[in-house]
Amino acid sequence: MKHDAVTPGPHPVEYWYNTTTGKVEEGQQSPVTQLWGPYATYEEAAHAMETAAARNEAWDGDNA
């Protein structure tokens, strides 16, 4: 399912990755201690764990 960021008002929609549930939230719905973000798109939030893993791997490689 494709989700597009829509601006319903003066503030853009933000997406958050919930590290407890593994799901994407539109707008901050859970405690910030369970969230990564905000992300501009649903897709960015959905791939948050993959992005973090790639960055960690790159950082580990640079510091080896």
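Values in this document were obtained by computation on a predicted structure and should not be read as measured data. (Residues numbered from 1 in each chain as written. Predicted model: local features only at pLDDT ≥ 70, side-chain atom pairs only at ≥ 80, totals over all residues. Heavy atoms only, no water.)

Looking at the packing of aromatic side chains
- A complete count under the given rule lists two aromatic pairs for this structure.
- Their ring planes at 80 degrees and their centres at 6.1 Å tell us that Tyr15 and Tyr42 sit as a pair that is edge-to-face. Here Tyr42 lies in helix H1 (residues 42-46) and Tyr15 lies in strand S1 (residues 15-18), a separation of 27 residues in the sequence.
- A ring pair is formed by Tyr17 and Trp36, whose centres lie 6.1 Å apart and whose planes are at 40 degrees; its orientation type is tilted. One end of the pair, Tyr17, is in strand S1; the other, Trp36, is in strand S3 (residues 35-39), and 19 residues separate them in sequence. (Phe/Tyr/Trp six-rings, centres within 6.5 Å; stacked < 30°, edge-to-face > 60°. Helix = DSSP H or I, 4+ residues; strand = E, 2+ residues; numbered from the N terminus.)

Describing the side chain of Ser30
- Within the secondary structure layout, Ser30 lies in the loop between strand S2 (24-26) and S3.
- Take Ser30: its relative accessible area is 16%, and that puts it in the buried class.
- In terms of polar contacts, Ser30 uses its side chain to reach the side chain of Asn18, at 3.1 Å.
- A distance of 2.5 Å separates the side chain of Ser30 from the side chain of Glu25, its partner in a polar contact.
- Each residue touching Ser30, except ones within four places of it in the same chain, is listed here: Asn18, Glu25 and Leu35. (Buried < 20%, exposed > 50% of the residue type's maximum accessible area, 1.4 Å probe, protein only. Polar contact = N/O pair within 3.5 Å; in protein donor to acceptor, adjacent residues only side chain to side chain. Contact = heavy atoms within 4.5 Å.)

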